[in-house]
Structures are given as C-alpha cells and as structure tokens.
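# Descriptive analysis of the structure
Letter by letter, the chains look like this.
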Amino acid sequence: MIKPIFITGIGTGVGKTVVSAIVAEALHADYWKPIQAGFGAGTDTAVVEKLISNKESKVHHEFYKLTMPASPHIAASHDNVTIDLDVLERSFRHLSSVNPFLIIEGAGGLMVPLNEHDFVIDLIEKLEAQVIIVSRNYLGSINHSLMTAQMCRLRNIDVLGWIFNDNFMDYENDIVKWTGYPSLGNVKFSEEINQEFICGQAKLMRLKLMELLEPKPEKLRIKRKTKLVQE
C-alpha cells in the first residue's frame with residue numbers, strides 16, 4: 001500500500017494550504033482536504049485548485065464542509081453532523097484507488113478535536129499516512145514545533161520532515177537539530193501567492209521530496225495511466 005502524505009502544522013495559520021499546493025505541484029499528486037470548517041471567505045480546496053498548474057493533479061472536494069469557522073468538533077455539532085473517521089477512511093480508499101499518490105491537508109494541528117473522541121492525529125493513524133510538518137517562523141514557534149514533534153514520536157507517526165514558512169529569525173536549524181526531522185525546504189514570505197510562485201517553490205523542493213518517497217512518483221503515474229486505459 002502506498003502511503004498518502006498528510007500535511008499538518010504546529011498550529012492554525014502556519015501555511016499548510018500553500019505548502020500543500022507546493023507539494024502537490026512538485027509531485028503532480030492529487031489533493032484532498034477532508035474537513036473544511038468555515039468557508040465564508042472561500043475554501044482551502046478552492047485556493048489549491050487555483051494555485052496548481054500541472055495537468056495531472058486532481059483536486060478532490062471536501063467530505064465535511066462545515067459552515068462555522070471553529071474547531072471541527074464544534075463546527076460539526078453546529079451543523080448537526082458527526083465527523084466519522086471510518087467514513088473518511090472509506091472515502092480515502094476510494095480516492096486512492098484512482099491515484100494512490102495523494103496529498104491530504106489537515107485542520108489546524110495534531111491535537112485539533114474532530115469529535116468527542118478523535119483528534120487529527122487519530123485520522124493520520126487511521127489513514128496510515130506519512131507526515132510533513134509545517135512550521136511558520138514566529139516568536140514561540142520553537143516550543144510549538146518541538147511539542148508537535150514530540151507527539152509524533154509518542155504515537156510513532158512516520159514524519160518525512162519539516163517545511164518552514166516565513167522569514168522571522170533563524171529557528172529552523174535548531175528545530176531540525178532538536179527533533180531529528182530533516183528540513184525539506186523553506187517557503188520565503190511573498191506578497192503575492194500565485195501559480196508562478198508555487199511552481200518556483202515546487203521546483204526547489206521536488207528532488208528532495210522524491211528522494212524520500214518509494215515508489216517514485218513517475219512509477220505511480222505510469223500505474224495510474226495504465227489503470228485508466230484498462231478501465
């Protein structure tokens with residue numbers, strides 16, 4: 001079984017959506033955000049769809065699209081639904097049967113509650129996903145980054161590494177040293193995030209990402225095309 005890549009963060013607003021677009025563009029992978037809480041200003045799925053420019057990546061719709069911009073368990077309760085990890089797993093199996101190479105964007109950080117019992121980290125385990133952690137450089141991010149890494153180690157989560165965001169001070173080397181997880185790249189601050197920016201960042205990270213993955217994306221694309229021809 002080919003593991004999906006789950007993009008999580010050290011908190012909310014650290015750049016997971018931009019990083020998800022970059023990784024999907026770099027690997028020509030599909031994108032899925034299973035849970036969207038709040039969409040008055042648009043959805044992360046719509047943002048990624050506009051930012052990806054390659055012709056192979058497919059952007060899948062959210063499974064839970066909740067109206068309230070709040071923690072998913074509260075937003076779901078407000079909409080009279082319950083987020084069910086078994087249902088999400090079945091949806092994931094369906095998506096990965098078409099293209100086994102999938103980028104999944106989480107909601108907030110690892111310990112964001114999805115219902116009364118389950119958290120984002122439980123969804124990661126359920127989907128047997130590899131993880132890329134997004135850390136934005138701000139005052140306090142070392143603490144949040146190290147706590148996120150510690151939780152991953154406690155739960156034996158398969159972490160590919162860090163992608164850092166923004167330009168505030170030089171915390172990255174310390175975070176890499178103290179956690180033992182490698183840096184996969186740094187997304188510098190930009191006034192304009194568009195397809196050209198995403199494409200440029202994807203080219204910078206593509207080789208390092210490919211080196212971490214087995215089987216290689218090229219093989220996966222061949223398998224996908226063969227499957228579609230047979231169908």
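Residues numbered from 1 in each chain as written. Predicted model: local features only at pLDDT ≥ 70, side-chain atom pairs only at ≥ 80, totals over all residues. Heavy atoms only, no water.

### Observations regarding helix α4 (residues 85-98)
If you check α4, its first and last C-alpha atoms are 21 Å apart, about what 14 residues at 1.5 Å a residue would give, namely 20 Å. Its side-chain oxygen at 2.8 Å from the backbone nitrogen of Asp86, Asp84 defines the N-terminal cap of α4. (Helix = DSSP H or I, 4+ residues; strand = E, 2+ residues; numbered from the N terminus. Expected span 1.5 Å × (residues − 1). Polar contact = N/O pair within 3.5 Å; in protein donor to acceptor, adjacent residues only side chain to side chain.)

### Some details on the pairing of strand β8 (residues 158-165)
Of all eight residues that make up β8, seven are buried, and the element is covered over most of its length. Sheet topology note: the strand β7 (residues 130-136)/β8 ladder contains seven bridges and is parallel. Note that in β8 the partner of Val134 across the bridge is Ile163. Note that the unit made of β7, helix α6 (residues 141-154) and β8 has a crossover that is right-handed. The sheet contact formed by β8 and strand β9 (residues 183-187) spans four bridges and is parallel. For Asn165, the partnering residue across the bridge sits in β9 and is Val187. (Buried < 20%, exposed > 50% of the residue type's maximum accessible area, 1.4 Å probe, protein only. Pairing = 2+ DSSP bridges. Right-handed = clockwise from strand over helix to strand, strands pointing away.)

### A look at the environment of Ile124
Its location among the elements puts Ile124 in helix α5 (residues 120-126). Sequence spacing of Ile124 and Ile5 is 119 residues, and the spatial spacing of their C-alpha atoms is 9.4 Å. With residues up to four places along the chain from it excluded, the contact list for Ile124 reads Phe6, Leu110, Ala129, Val131 and Ile157. (Contact = heavy atoms within 4.5 Å.)

### Points about the nonpolar core
Counting residues in hydrophobic clusters, the biggest one holds 70 residues, and the most contacted among them are Ile5, Val23, Leu27 and Ile132. Broken down by element, this core gets its largest block of residues, eight residues, from helix α1 (residues 16-27). (Core = buried A, V, L, I, M, F, W, Y, C linked by side-chain atoms within 4.5 Å.)

### Focus on the sheet that holds β7
Think of a sheet as strands paired side by side through backbone hydrogen bonds, with each pair either parallel or antiparallel. The parallel open sheet is built from seven strands, whose spatial order is β4-β2-β6-β1-β7-β8-β9. The open sheet has two free edges, formed respectively by β4 (59-60) and β9, since each of these has just one partner strand. Packing against the sheet, α4 makes contact with β2 (30-32), β4 and β6 (102-109), and its axis sits at approximately 165 degrees to β2. Sitting on the sheet, helix α8 (residues 195-212) touches β7, β8 and β9, and the angle it makes with β9 is about 175 degrees. (Axes fitted to C-alpha atoms, helices over the stretch in contact; angles between N-to-C directions.)

### A word on the confidence of the model for the chain
The predicted coordinates of low-pLDDT regions are not to be read in fine detail. Looking at the chain as a whole, its pLDDT mean stands at 90, while 91% of the residues score no less than 70. Model confidence for the chain, summarised as mean pLDDT per element, is weakest for helix α9 (residues 217-230) at 45 and strongest for α5 at 98. pLDDT under 50 marks residues 222-231. Its contacts with residues more than four places away, or in other chains, come to seven contacts. (pLDDT = per-residue confidence, 0-100.)

### Some details on the pattern of salt bridges
Scanning the model with the defined rule gives eleven salt bridges in all. Among the salt bridges present, the one from Lys3 reaches Asp158, with a minimum N-O distance of 3.4 Å. Of this pair, Lys3 sits in the segment before β1 (5-9) while Asp158 is found in strand β8, placing the two residues 155 residues apart along the sequence. If you follow the salt bridges from partner to partner, you end up with Asp86, Glu89, Arg93, Lys126 and Glu128 in one network. (Salt bridge = Lys/Arg side-chain N within 4 Å of Asp/Glu carboxyl O.)

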